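Summary of structural features
Below, each chain spelled out in residue letters.
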Amino acid sequence: MTTPVTHLPGDPAQSPFAGHRVCEIAGLALASGATGPRFEDTIWDLNDLAGKPVQLSGTVLIWDFTSITHPRWQWVARELLLALLAPGHDQVAALPLAHRRALHPITCGNRLDFLTRWFNWLSEQGVTDLGDVTQLHCDRFLQHERERGLADSTILAAAVVIKDVARYGDLFTTDRYPDAFVPWNGKSLAEVSGYQRSGENVTQPVPPEILHPALQAALHVVDTVAPHLAVLIEQRRSGKQQPQTAASTRPDEVATYLARRIAAAEALPQADGHRVAARLKNGWRNTDPLLRLAFGDMAHDLGVEFSRSVVERHRNLLEDAVAQLGIAPAIARDAALIERADGQGRVPWTLPLTPMRLHYLRNHVFNACLMVTAAISGMRSGELMEITASSPLPPRELAADLFRFALGSTRIKGEQFGGVDDEWVVIEAAHRAVKLAARLAGTKPGESVFGRFTFTSRFNTFRNWVNSSEGIRLGFAAIPDGRITAPMLRRTLSLELAHRPNGLFAAKLHLKHISVATTEGYAARPGGSQARFRAETVIEERKHRENLTVAAFRDYQAGAMPTGPGARSLISTFDHVDAQLRKDQAAQPTVVASDRHVEMLLKKLANALHIQAANYCWFADPRKALCLRLAGTPDATQPLAGLCDAARCPQATFHQHHRDVWASNARTTKTFLGNPRIPAGEKLRLTAEHERARQVVDAIDANSTRDNRP
């Protein structure tokens, strides 16, 4: 059995970690050929760890202990950090209050930040020995942190570090808290910091007035512009030549090239603005006719190198050609036509480009691919960054012309360092966006497609382009100001799935397909990221059903009765709940029935609610479901939305917000009935459908305009 070290602080050589390499003790794998830092090093660079996530910048894994002003406390910090990384070490495992699971290196890096602030604050207060630390010091430090405007969750993290120094005190060889001193002894960290986990997801969804035009523009770019741009970029990559030396350039080569351009009446290529500015700094005159000529493009075509001396040697030929042909952007002069996003005609997929403008366009289209992938896959930023050129897996054909698409990635959050391979079942649009992004970036197998990114910055750049003259030319609606993050997009998708069939995704991306994809991903990998996303969606779906049920009950209380075949049964249930509320209020007249109280009484009913586009389906008894009887599956546990005949199903009800759907159907069928070319049989069917829609609208209007309570 091992025991804690018993020597007195002050001898670093006595440390159980002395002379060892950090990664060996912590059991962290290193890249091939790397050795990693030694424990005694004052700076630990852990960037050679194998499987380092793409989202980590180079500085995150560089731990600088010299930032701690007191030399002995630098040693304490190293011992504490390594103990947190290696809980299985003999000396660490013997500590009764030590953590029993290894902390993630990123978490340890954050602990070092707080530890540095804590130790340096003590130094500023004149404390030179941890044995002099008291509870007053701990309280004053947290107050100091609060005065900096830090959130309660950050205060909690600071308190954790202060307590860790006490938990691991027997391990330290240079300094430690007084014996038996436990900061905030008897109090929980929640009490100390004031931080209470609500359990609610506080991430807000993207406002629809921002999401709608942004997603519409991104989808249009991926569908129409990106394929043309990818082909152009690949052609330019494959067509690059190595220029010859200037000495080998002969006048007849340049003359032949220029004569060919003149014969074709083809304008000479235009240089980018930054190259023009550089020439002006190097002594070119602003009136020089060759100032804006793109010699690089000409060198690409000729296979020569246009140095200043070569330009002067051929100046007369070049100036004559410029005078005859003019100068214009040379790339994509004959761009194919595509449909505008607003449907108002066809335009070239791009205007002619210079090399730099091509680079900018590539970035904008690349950002559109990222926007589409993030918005309709529900992947976290870390998972998006781990997508490689090999991530779009071959489609699986489930039936004739029915395919399932998947993206391979790495699950980072909540996993050991390096993450765990995972797979996301997605719809085709996300699969196609990733493949196009890989082509645009020229990503090699195994390399990250999107790289490390800040989504908000990428989106702002994309929005500026959509709102520019080029976006107007392509028919995009303007995207209003407002912040968007990747978590907000994930939250939005979760809510849209939960609130189906309403919302943007239902109309724009065929929500049924997204819902099926996420469900398949959940079923295929029960422990994967998609399962967690699905769990979030289920929670939101339950909340939404409860809210809709309560809203229907409040309408009932206000006299707006539901209609439809299932209305009598629903009203009977509402009568029972209303009677219970009256009974409770009679027993406690000072208590007002809250929505939460109503939710509890209606919980069972809410669990049976299934939301359809034109009605509510109260799927309480599968034997009564018309869709199951029509399909011959009376034992099914879910209704079949595709076979829903709400006007005849005994479990369907109509409410005020369903009116527009039925009114639209009535107008449409009336229009068709007025067409003399409609066959007699079809006219008979449309007449019945029109009459049914009109009756539903009349019933909704009747029950919403007068008090119909029993």
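Up top is the structure these notes are about.
Before going into details, it helps to say that this report is about the structure given with it. (Residues numbered from 1 in each chain as written. Predicted model: local features only at pLDDT ≥ 70, side-chain atom pairs only at ≥ 80, totals over all residues. Heavy atoms only, no water.)

A word on the packing of aromatic side chains
What counts, and what does not: Working definition: a ring pair exists when centres of Phe, Tyr or Trp rings (six-membered ring for Trp) sit within 6.5 Å. Plane angles under 30 degrees give stacked, over 60 give edge-to-face, the rest tilted. Two thresholds decide whether a charge sits over a ring: the Lys NZ or Arg CZ must be within 6 Å of the ring centre and within 35 degrees of the ring normal.
Under the counting rule described, the total for this entry stands at 19 aromatic pairs. Members of the aromatic cluster, connected to one another through ring pairs, are Phe 17, Phe 39, Trp 44, Trp 63, Phe 65 and Trp 75. Between the NZ or CZ atom of Arg 78 and the centre of the ring of Phe 65, over which it lies, the distance is 5.9 Å. Directly above the ring of Phe 366 sits Arg 362, whose terminal nitrogen or CZ lies 5.3 Å from the centroid.

So, the sheet that holds strand 7 (residues 396-399)
Note the cut-off: Strands are treated as partners if at least two bridges between them are detected by DSSP. We count a stretch as a helix when DSSP gives it H or I for four or more residues in a row; a strand needs E for two or more, and each element gets its number in order from the N terminus. All axes here are fitted lines through C-alpha atoms, helices being fitted over the stretch that makes contact, and every angle between N-to-C directions spans 0 to 180 degrees. Pairs of residues are marked as contacts when any of their non-hydrogen atoms sit within 4.5 Å.
Across the sheet, which stays open at both edges, the 3 strands sit in the order 7-8-9 with antiparallel pairing between neighbours. Two strands close off the open sheet at either side, each with one partner strand: strand 7 and strand 9 (420-426). Geometrically, the sheet is characterised by an average inter-axis angle of 35° between neighbouring strands, direction not taken into account. This element, helix 16 (residues 428-441), spans strand 8 (402-411) and strand 9 of the sheet and lies at about 55° to strand 8.

Structural notes on the nonpolar core
Here is the rule we go by: As used here, the term nonpolar core means buried Ala, Val, Leu, Ile, Met, Phe, Trp, Tyr and Cys residues forming a set that is joined through side-chain atoms within 4.5 Å. Throughout, exposure labels follow a simple rule: accessible area from a 1.4 Å probe, protein chains only, divided by the maximum for the residue type, with under 20% read as buried, over 50% as exposed, and the rest as partly exposed.
In this structure, Trp 349, Phe 450, Phe 455 and Leu 489 are the most contacted members of the largest nonpolar core, which totals 72 residues. Listing elements by their share of this core, those giving two or more residues are helix 8 (208-238), helix 14 (355-377), helix 15 (381-385), strand 8, strand 9, helix 16, helix 17 (455-466) and helix 19 (486-498). Examining the composition of this core, we find that 15 residues originate from one element, helix 8, more than from any other. With 58 residues, the next largest nonpolar core counts Phe 65, Val 76, Ala 86 and Trp 184 among its residues.

Things to note about the side chain of His 431
Looking at the secondary structure, you find His 431 in helix 16. Exposure remark for His 431: the relative accessible area of 4% places this residue in the buried category. Aside from chain neighbours lying at most four places away, what touches His 431 is Pro 392, Leu 393, Pro 395, Phe 405, Ala 406, Leu 407 and Val 426.

Thoughts on the sheet that holds strand 12 (residues 652-653)
Reading across the sheet, the 3 strands line up as 10-11-12 and stay open at both edges, with antiparallel pairing between neighbours. For this open sheet the edge positions go to strand 10 (609-611) and strand 12, each flanked by a neighbour on one side alone. Looking at chain direction, strand 10 and strand 11 (residues 616-618) are connected through 3 bridges and run antiparallel. Pairing of Ile 611 across the sheet is with Tyr 616, part of strand 11.

Keep in mind these numbers describe shape, not what the thing actually does.
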